[in-house]
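Descriptive analysis of the structure
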Amino acid sequence: MKTDRFDVVVIGSGPGGLASAIAAKKHGARSVLVIERDVELGGILLQCIHNGFGVEIFKEDLPGPTYAQRFINQAADLGIETMLDMMVINLSASRRLTVTSKKHGFREIQAKAVVLAMGCRERTRAQVRLPGTRPAGVYTAGTAQRWVNVEGYMPGKHFVILGSGDIGMIMARRLTFEGAKVERVLEIMPYLSGLTRNYVQCLQDFDIPLNLQHTVKNIIGIDRVEAVETVAVDENWKHIPGSEETIPCDTLLLSVGLIPENELSRQAGVRLNPITNGPIVDANYHTHIPGIFAAGNVVHVYDLVDWVTEAGFTAGRGAALYAQDKLPKTGQVIQTGAGKNVRYVVPHQINLANLKDEKVPLQMRTTHPIEKPVWVEAHAGSRRITRRALPYARPGEMITLNIKPEHADGLSQAESITIQIVER
Ligand SMILES: Cc1cc2nc3c(=O)[nH]c(=O)nc-3n(C[C@H](O)[C@H](O)[C@H](O)COP(=O)(O)OP(=O)(O)OC[C@H]3O[C@@H](n4cnc5c(N)ncnc54)[C@H](O)[C@@H]3O)c2cc1C
């Protein structure tokens, strides 16, 4: 089998992959290839026809496909090669890929550097262990989104949505636009799991009730969903007897979380973080396997696409420099860690060299809502390096704290930085 050779190969053509490819080309990689298993470039954005994309990068409120098209055009202008309808099925630590498609069969590709940009997939019924019969009419919210927005099918008329993730809330509004009735959104946690703006614009504006601390106790129906039995839960997710309610419906949508798509990362031996389920990366989004970088939802689940694009730019630049043997190899490494009220921090380490002339954005999520003014603080031992004031901290909204070149002196002896969120 003939082996194709590229400086940088990007797996996945969502915003993370496209930005990586563009940055790789701009930073001197001669040959850049994007491999996409779908028949079009753009990733999940192609089915996100609502607005809300690009507010940070373009200062414009764009629909997903428009946002994607801007990067698809740039990639074409830069001469980036693409393989569509082509699935990467194997990746080795030496950056050898096996790909396959109906049209081309199996092919081997050798890359000097690889960017993992495979995105996420949705949790399904089995993963949240929903009891009841197994009728038609139980779908993930993203599947329904693809049917309605791309394929032109309505999955039902009368919906209950489990989970207050962004996809579920956006679909509650979308289905209402299409004439369906969305009875209820149920959330097992005592707080919203998606963005507040989606709660206001997609549920409140359309009078769709949200029941916090509620879940599905039973799915009823043989051939098709006929109803769901809901129940209130306590803080340990135990059902509260007597709180059951039967809601007639023909469809149950699940918006119960996303899982970074890391089968290829595991094959290559990339170390994963148990909290994010994504690769452990440094400030160049370099994994611990030399020449393998990662960007976007494959690393951790982002709230806004703009930050995915920025991560892609960083990973793509790193991959291009690696391919040209120009990525600085030395330098003091500082681990980043989650302190009080912080669930995780990405990237997981900073090389002090990164702070020479640019900031390193640390991204994180809080463990629980703090509806009071907070400080987000970075500490090296007992020393506070920097802090940022925020009006509140919510799990659905990613927080960024920039470590800047002027902080480098304070970190010159440090082995780690801990981030904490505390009330002001
Ligand atoms: C329903 C929904 C609504 C959203 N709304 C907003 C919003 O309003 N505003 C906002 O800013 N953000 C929003 N987001 C978030 C944003 O869309 C995502 O953060 C972003 O698309 C993630 O980009 P990505 O490149 O990491 O992954 P993706 O866009 O998922 O792209 C990954 C790509 O990799 C491909 N792939 C995976 N495995 C392989 C393989 N083995 N071989 C080849 N190809 C492979 C996939 O086919 C896919 O095309 C929304 C997300 C969703 C799901």
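Scope of this entry: the structure provided in the associated data block. On a predicted model such as this, the values are computed, not experimentally measured, just so you know.

1. Remarks on the overall build of the chain
Within the chain one finds 7 helices and 25 strands. For 424 residues, the compact-globule estimate of 2.2 N^0.38 gives 22 Å, and the C-alpha radius of gyration of the chain, at 22 Å, lies within 12% of that figure. Taken along the three principal axes of its C-alpha coordinates, the chain extends 65 × 60 × 40 Å. The buried share among the 424 residues of the chain stands at 54%. Considering only contacts in the chain between residues 6 or more positions apart, those separated by 24 or more positions represent 64%. In the form shown here, the chain has an accessible surface area of approximately 18,800 Å², with 50% of it arising from carbon and sulfur atoms.

2. As for the site of the ligand
Surrounding the ligand, one finds 34 residues, the nearest of these being Gly 16, Glu 36, Ile 44, Asn 297 and Val 305. In the model, an oxygen atom of the ligand is placed 3.4 Å from a nitrogen or oxygen of the Arg 197 side chain. Contact distances for the ligand include 2.6 Å between an oxygen atom and a backbone N or O atom of Val 305. Expressed as a share of its isolated accessible area of 1,000 Å², the protein-covered part of the ligand is 93%. If you list the elements that add at least two residues to the shell around the ligand, you get helix H1 (15-26), strand E4 (87-91), helix H4 (166-177) and helix H7 (305-323). Residues of the shell around the ligand, tallied by class, amount to 18 nonpolar, 12 polar and 4 charged.

3. Regarding H1
Between its first and last C-alpha, H1 extends 16 Å over 12 residues, near the 16 Å set by a 1.5 Å rise per residue. The buried fraction of H1 is high, at 10 of 12 residues. Of the positions making up H1, those classed as buried are Pro 15, Gly 16, Gly 17, Leu 18, Ala 19, Ser 20, Ala 21, Ile 22, Ala 23 and Ala 24. Tucked inside the fold, the buried residues of H1 contact strand E1 (3-11), strand E2 (32-35), helix H2 (64-77), strand E6 (105-116) and H7. In the stretch just after H1, Gly 28 is the one whose phi turns positive, near 105°.

4. Describing the packing of aromatic side chains
Scanning the model with the defined rule gives 7 aromatic pairs in all. Measuring from centroid to centroid gives 5.6 Å for Phe 58 and Tyr 67, while their planes differ by 70°, and the two rings are edge-to-face. Ring centres of Phe 71 and Phe 313 lie 6.4 Å apart, and the angle between their planes is 55°; this geometry places the pair in the tilted category. One end of the pair, Phe 71, is in helix H2; the other, Phe 313, is in helix H7, with 242 residues separating them in the sequence. A network of ring pairs unites the aromatic residues Phe 58, Tyr 67, Phe 71 and Phe 313 as a single cluster. The lysine or arginine in question, Arg 394, covers the ring of Tyr 392, its NZ or CZ lying 3.6 Å from the ring centre. Note that Arg 424 overlies the ring of Trp 375, its terminal NZ or CZ placed 5.6 Å from the centroid.

5. A closer look at a nonpolar patch on the surface
A cluster of nonpolar side chains, contributed by Met 87, Ile 89 and Phe 106, occupies part of the molecular surface with about 270 Å² of accessible area. Within the fold, Phe 106 resides in strand E6.

6. Observations concerning the environment of Thr 246
With respect to the helices and strands, Thr 246 occurs in strand E14 (residues 245-248). With relative accessibility at 48%, the residue Thr 246 sits in the partly exposed group. In sequence terms Thr 246 and Asp 166 are 80 residues apart; their C-alpha atoms lie 25 Å from each other. Beyond its immediate chain neighbours, meaning those up to four positions away, Thr 246 contacts Ile 220, Ala 227, Val 228 and Glu 229.

7. Quick notes on the packing of H1 against H2
Between H1 and H2, the shortest axis-to-axis distance is 10 Å and the interhelical angle comes to 30°. Taken together, the axis directions place H1 and H2 in an arrangement best described as roughly parallel. In the crossing of H1 with H2, the sense of the turn from one axis to the other is left-handed. Touching Pro 15, Leu 18, Ile 22 and Lys 26 of H1 are Tyr 67, Ala 68, Phe 71, Ile 72, Gln 74 and Ala 75, all from H2. Residues that form the contact of H1 with H2 fall into these classes: 8 nonpolar, 1 polar and 1 charged.

8. Quick word on the nonpolar core
Counting residues in each nonpolar core, the largest one holds 63 residues, and the members touching the most others are Val 8, Ile 11, Ile 35, Leu 91, Leu 97, Ile 109 and Leu 116. When residues of this core are assigned to their parent elements, the largest contribution, 7 residues, is made by H7. Among the nonpolar cores identified, the runner-up in size contains 27 residues, and Ile 350, Met 364, Leu 390 and Leu 411 belong to it.

9. Section: the pattern of salt bridges
Between side chains of opposite charge, a pair can form as their charged atoms come close. For the structure on display, the rule yields 18 salt bridges. Arg 107 is paired through a salt bridge with Asp 4; the nearest N and O atoms lie 2.7 Å apart. Separated by 103 residues along the polypeptide, Arg 107 in strand E6 and Asp 4 in strand E1 bring together distant segments of the chain. The class of Asp 4 is buried, set by a relative accessible area of 11%. The partner of Glu 261 in a salt bridge is Arg 37, and the shortest N-O contact between them spans 3.7 Å. Of this pair, Glu 261 sits in the loop between strand E16 (258-260) and helix H6 (263-267) while Arg 37 sits in the loop between E2 and H2; the two residues are 224 residues apart in sequence, bridging distant segments of the chain. Members of the salt-bridge network, linked through shared partners, are Arg 37, Arg 121, Glu 261 and Glu 263.

10. Topic: the packing of helix H3 (residues 141-151) against H4
Where H3 contacts H4, the axes come no closer than 9 Å and their chain directions differ by 35°. Crossing of H3 against H4: the hand is left-handed. Each of Ala 141, Gly 142, Ala 144, Gln 145, Val 148 and Asn 149 in H3 lies in contact with H4, whose residues at this interface are Ile 167, Gly 168, Ile 170, Met 171, Arg 174 and Leu 175. Partitioning the contact of H3 with H4 into residue classes produces 7 nonpolar, 4 polar and 1 charged.

What counts and what doesn't
Residues numbered from 1 in each chain as written. Predicted model: local features only at pLDDT ≥ 70, side-chain atom pairs only at ≥ 80, totals over all residues. Heavy atoms only, no water. Helix = DSSP H or I, 4+ residues; strand = E, 2+ residues; numbered from the N terminus. Rg over C-alpha atoms; globule rule 2.2 N^0.38 Å. Buried < 20%, exposed > 50% of the residue type's maximum accessible area, 1.4 Å probe, protein only. Contact = heavy atoms within 4.5 Å. Areas by Shrake-Rupley, 256 points an atom, 1.4 Å probe, with all protein chains shown as cover. Near = heavy atom within 4 Å. Polar contact = N/O pair within 3.5 Å; in protein donor to acceptor, adjacent residues only side chain to side chain. Nonpolar A, V, L, I, M, F, W, Y, C, P; charged D, E, K, R; others polar. Expected span 1.5 Å × (residues − 1). Phe/Tyr/Trp six-rings, centres within 6.5 Å; stacked < 30°, edge-to-face > 60°. Lys NZ or Arg CZ within 6 Å of the ring centre and 35° of its normal. Patch = residues over 30% accessible without salt bridge, like charges linked within 9 Å, V, L, I, M, F, W, Y side chains within 5 Å. Salt bridge = Lys/Arg side-chain N within 4 Å of Asp/Glu carboxyl O. Axes fitted to C-alpha atoms, helices over the stretch in contact; angles between N-to-C directions. Parallel < 35°, antiparallel > 145°, perpendicular 65-115°, else oblique. Left-handed = near helix turned anticlockwise from the far one by under 90°. Core = buried A, V, L, I, M, F, W, Y, C linked by side-chain atoms within 4.5 Å.

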